[in-house]
Amino acid sequence: MQKAIIHESDVSGANLENVNFIGADLQGSDFTSTNMQNINAPNAIFKEVDFSKANLHKANFLDADLTEAVCNHTDLSDITLQGANLKNLSVNNANMRGANMYAADLRNAQIVSSNLQNAYLESADLTEASLERSNIDGAIFKQGILDKINLQNTSIVGSDFSKTSLVSANFSHSIAKDVDFSNSNLSNSIFTTTNMDG
């Protein structure tokens, strides 16, 4: 399906493991419950796509456009989203453990009640994003922009926020033990009842 243009198609439940989507445009398509393990989709367009309950383990979306994509109960473990456009991404109860989102654009993304343990988000932009009620233990956010991010009720044990902009970030009711905030800007951030004991 390399460079294919197929808008608003229904491929729900299909087995697309290892398929090549390089440069393809599948805007508005339905990929619910599909098997998309190890797909190769750099520079592809998946805007407004529904990936709910799909298996995207180790998929490659390098520099792809997933604006407003929906990923509810989705397996996104070890996925590559480096440099991807993830603005307004909607994620709920998903597995994003080990995801590579280096330099990704996650502005206004809503990633709720999900597992982001050991995810790599160095230099990513999460301005006004929400990771509420998620587990982001061991994740790397250094040199990123996380202004006005919602991190309420999260676990961020051992995470790296060094050299990061966290202006007006909300850490209320979170567990923030052994977190690296060195050389970060935490102006006006909220730490109401945050557990930061080592």
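Residues numbered from 1 in each chain as written. Predicted model: local features only at pLDDT ≥ 70, side-chain atom pairs only at ≥ 80, totals over all residues. Heavy atoms only, no water.

A. Just the sheet that holds strand β1 (residues 70-72), in detail. Read across the open sheet, the 3 strands follow the order β1-β2-β3; overall the sheet is parallel. Each having just a single partner strand, β1 and β3 (110-112) make up the two edges of the open sheet. With direction set aside, neighbouring strand axes in the sheet form an average angle of 0 degrees. (Pairing = 2+ DSSP bridges. Helix = DSSP H or I, 4+ residues; strand = E, 2+ residues; numbered from the N terminus. Axes fitted to C-alpha atoms, helices over the stretch in contact; angles between N-to-C directions.)

B. Local environment of unusual backbone geometry. With a phi angle near 60 degrees, Ser 168 is a residue other than glycine that sits in the positive phi range. When you line up the elements, Ser 168 lands in the segment after β3. Residue Ser 168 is classed as partly exposed on the basis of its relative accessible area, which comes to 28%. Within the chain, Asn 188 stands out as a residue other than glycine whose phi angle is a positive 60 degrees. Take Asn 188: it is sitting in the segment after β3. (Buried < 20%, exposed > 50% of the residue type's maximum accessible area, 1.4 Å probe, protein only.)

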